[in-house]
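Residues per chain are reported as follows:
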Amino acid sequence: MSGRILKVVAGVVVIASAGTAAVLVARPEAGAGSGAGNRLPPAGATVSRQTLRESVEADGELGYGPARTAAARRNGTVTWLPDSGATVTRGRPLYRIDDDPAVLMYGTTPAYRSLSPGAEGRDVAQLERNLAALGYDGFTADDEYTSSTAGAVEQWQEDNGLPETGVVALGQVVFASGAVRVDSLIAEVDQAVGPGRDLLTWTGTGKVITVRLDVSDAAVAKVGAAAEVTLPGGRTTAGRVTETATVIEPAEKAGDDPTTEAEVQVTLTDPKVAKDLGSAAVDVAFTAAERRDVLTVPVAALLAAPGGGFLVEVVDGAAVGRVPVRTGLFADGRVEVTGDGLAEGMTVGVPG
């Protein structure tokens, strides 16, 4: 995606900065609250009580998320690969080399070493949890690889046609965070490969939305943050940030600096709304700030007070009074205001 960020309207940002300062410098105007004569404003607007939200909007791409690569961890010949688009679940082979399967297991720590009795660590605990989930027992699922673990591994190896050594050699398991969808095949059956040779790419199995944000906006899209997604056709639905990462894009031209962005994954709260959609462009809005149950007026109703800060003109029939106000959040053309005597339902003037 290019040029993805649809910033909050620049004018609102500038006004919001002024509004923040106004909270600090606003002073009651001399004679505030007194009549302003019979001069009526050209237009009026109602003081409303509502929830204001300031949003950061961005383009998103609905799909299966970024693809990851599975590579060979040993020398040999590729003897089997799954079909592109196939789903592989825990305990099933992701590929075969010399007819030995690389079995998918669930976890976030990648396989990076052989595991044998005496080994300890997160990868051991991860392996043991998977063995237990697959129905093997006789060991304690902790972070220690014991002789009991080795016994369960031998049974697992026998069931998968692997040499029954009790040692999980590098390349016998592949860890992923969950079930995977085969995205594309890189290698071919009957191809000789070695360690590090890319074999295929895979993604998760659920639809997600990928969004790129400027790093300056990344704070609004932390894991767990809510998002509003507008799908093709205009339907809106809720989502939540499930993953973030920093991505550095190489410079497009010599002499330019690389670009650093935040890559955000948003998962739909109701996946069914996207089940009939393939890859699609969507709009995503993240809430940058929110103020609930506050008095608001149109931004255009704010007038500069002679002593600094802002005021609004309150219209009551043919009478006009001036009320100094302090401003809060600016969003969607309205601003949060507080002022003596200001109440919901009042009418304020809007200059022509």
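Residues numbered from 1 in each chain as written. Predicted model: local features only at pLDDT ≥ 70, side-chain atom pairs only at ≥ 80, totals over all residues. Heavy atoms only, no water.

As annotated in an unreviewed UniProt entry, the chain carries the name Peptidoglycan-binding protein and comes from Actinoplanes campanulatus. In its Subcellular location (unreviewed entry) section, the UniProt record describing the chain reads: "Cell envelope". (UniProt positions renumbered as here; feature names shortened; annotations may be inferred.)

*Asks:* Lay out the pairing of strand S17 (residues 280-298) with the relevant residues and their values.
*Replies:* Looking at chain direction, strand S3 (residues 48-63) and S17 are connected through 14 bridges and run antiparallel. The residue of S17 that forms the bridge with Glu 57 is Ala 285. Alignment of strand S14 (residues 226-230) against S17, held across 4 bridges, turns out to be antiparallel. Bridging from a neighbouring strand, Thr 230 pairs with Asp 283 of S17. By the bridge criterion, 3 bridges tie S17 to strand S21 (residues 334-338) in an arrangement that is antiparallel. Directly across from Val 297, in S21, lies its bridge partner Val 335. (Pairing = 2+ DSSP bridges. Helix = DSSP H or I, 4+ residues; strand = E, 2+ residues; numbered from the N terminus.)

*Asks:* Tell me about helix H2 (residues 122-133), and name the residues and values.
*Replies:* Here H2 is 12 residues long and its end C-alpha atoms lie 17 Å apart, about the 16 Å a rise of 1.5 Å per residue gives. Listing the buried residues of H2 in full gives Asp 123, Val 124, Ala 125, Gln 126, Leu 127, Glu 128, Asn 130 and Leu 131. Contacts made by the buried residues of H2 are with strand S8 (100-106), helix H3 (147-159) and strand S9 (173-176). Downstream of H2 by a residue or two, Gly 135 has a phi angle that is positive, lying close to 100°. (Expected span 1.5 Å × (residues − 1). Buried < 20%, exposed > 50% of the residue type's maximum accessible area, 1.4 Å probe, protein only. Contact = heavy atoms within 4.5 Å.)

*Asks:* I'd like a description of the layout of surface pockets, backed by residues and values.
*Replies:* One way to see where empty space is left: roll a probe the size of a water molecule over the atoms. Its boundaries defined by the atoms lining it, the largest pocket holds a volume of some 800 Å³. Only strand S4 (68-71), S9, strand S12 (198-204), strand S15 (236-249) and strand S16 (259-268) provide two or more residues apiece to the lining of the largest pocket. Looking at the lining of the largest pocket residue by residue, the classes come out as 17 nonpolar, 14 polar and 5 charged. (1 Å grid on protein atoms, 1.4 Å probe; cavity = no way out; pocket = protein on both sides within 12 Å on 5 of 7 lines; lining within 4 Å. Points joined across faces, edges and corners; volume = space filled by probe spheres on them. Nonpolar A, V, L, I, M, F, W, Y, C, P; charged D, E, K, R; others polar.)

*Asks:* Can you tell me about the nonpolar core, naming the residues and giving the values?
*Replies:* Buried together is how nonpolar side chains tend to be arranged in soluble globular proteins. Core analysis: the largest hydrophobic core is formed by 23 residues, its most contacted members being Ile 209 and Phe 286. Among residues more than four places away in sequence, those in contact with Phe 286 are Glu 54, Ser 55, Val 56, Val 211, Leu 213, Val 220, Ala 221, Ala 226, Ala 227, Val 241, Val 264 and Val 266. (Core = buried A, V, L, I, M, F, W, Y, C linked by side-chain atoms within 4.5 Å.)

*Asks:* An account of the packing of aromatic side chains is requested, with residue identities and associated values reported.
*Replies:* Tallied over the full model, the rule gives 0 aromatic pairs. A cation over a ring is seen here: Arg 181 above Tyr 64, with NZ or CZ 4.1 Å from the ring centre. (Phe/Tyr/Trp six-rings, centres within 6.5 Å; stacked < 30°, edge-to-face > 60°. Lys NZ or Arg CZ within 6 Å of the ring centre and 35° of its normal.)

*Asks:* Give a description of the pairing of S9 that names residues and reports values.
*Replies:* Looking down a regular strand, the side chains alternate between one sheet face and the other. The side-chain alternation of S9 yields two buried faces, one formed by Val 173 and Phe 175 and the other by Val 174 and Ala 176. Bridge count for S8 against S9 is 4 bridges, and the pairing is parallel. Bridge assignment links Val 103 to a residue of S9, and that residue is Val 173.

*Asks:* Describe empty space enclosed by the protein, with residues and values.
*Replies:* Scanning the entire structure with this criterion turns up 1 cavity of 30 Å³ or more. For the largest cavity, the calculated volume is near 60 Å³. In terms of lining residues, the largest cavity is bounded by Ala 111, Tyr 112, Arg 113, Leu 115, Asp 123, Val 168, Ala 169, Leu 170, Gly 171, Val 173 and Phe 175. For the lining of the largest cavity, the per-class residue count stands at 8 nonpolar, 1 polar and 2 charged.

*Asks:* Outline a negative patch on the surface, listing residues and values.
*Replies:* Together, Glu 57, Glu 228, Asp 283 and Asp 332 line one region of the surface with negative charge. Positionally, Asp 283 belongs in strand S17. (Patch = residues over 30% accessible without salt bridge, like charges linked within 9 Å, V, L, I, M, F, W, Y side chains within 5 Å. Areas by Shrake-Rupley, 256 points an atom, 1.4 Å probe, with all protein chains shown as cover. Salt bridge = Lys/Arg side-chain N within 4 Å of Asp/Glu carboxyl O. Lys, Arg positive; Asp, Glu negative; His and termini not counted. Charge placed at Lys NZ, Arg CZ, Asp CG, Glu CD.)

*Asks:* Residues and numbers for the sheet that holds strand S10 (residues 180-185), please.
*Replies:* Pairing is antiparallel in the open sheet, where 4 strands are placed in the order S4-S12-S10-S6. Every other strand in the sheet has two partners, leaving S4 and strand S6 (87-88) as the edge strands with one partner each. Of the pairings in the sheet, the one linking S10 to S12 comprises 5 bridges and is antiparallel in character. Bridged to Leu 185 within S12 is Leu 200.

*Asks:* Hey, could you go over the side chain of Thr 201 for me, with residue numbers and the actual values?
*Replies:* For Thr 201, the position within the fold is in strand S12. Side-chain polar atoms of Thr 201 contact the side chain of Ser 184, separated by 2.7 Å. When near neighbours in sequence (up to four residues on either side) are disregarded, Thr 201 contacts Ala 67, Arg 68, Thr 69, Arg 181, Val 182, Asp 183, Ser 184 and Ile 186. (Polar contact = N/O pair within 3.5 Å; in protein donor to acceptor, adjacent residues only side chain to side chain.)

*Asks:* Tell me about unusual backbone geometry, and please be specific about residues and values.
*Replies:* One can expect most non-glycine residues to show negative phi and most peptide bonds to be in trans. At Asp 99, a position not held by glycine, the phi torsion is positive, near 70°. For Asp 99, the location among the structural elements is in the loop between strand S7 (93-97) and S8. Phi is positive for Asp 293, which is not a glycine, with a value near 55°.

*Asks:* A description of H3 should follow, citing residues and the corresponding values.
*Replies:* Between its terminal C-alpha atoms H3 stretches 19 Å, which fits the 18 Å expected from 13 residues at 1.5 Å a residue. Looking only at H3, the buried set comprises Thr 149, Ala 150, Ala 152, Val 153, Trp 156 and Gln 157. One side of H3 holds all its buried residues, which, seen down the axis, span an arc of 160°. Where H3 is buried, its residues touch S8, H2 and S9. At the C-terminal side of H3, Gly 161 shows a positive phi close to 70°. (Arc of directions from axis to C-beta.)

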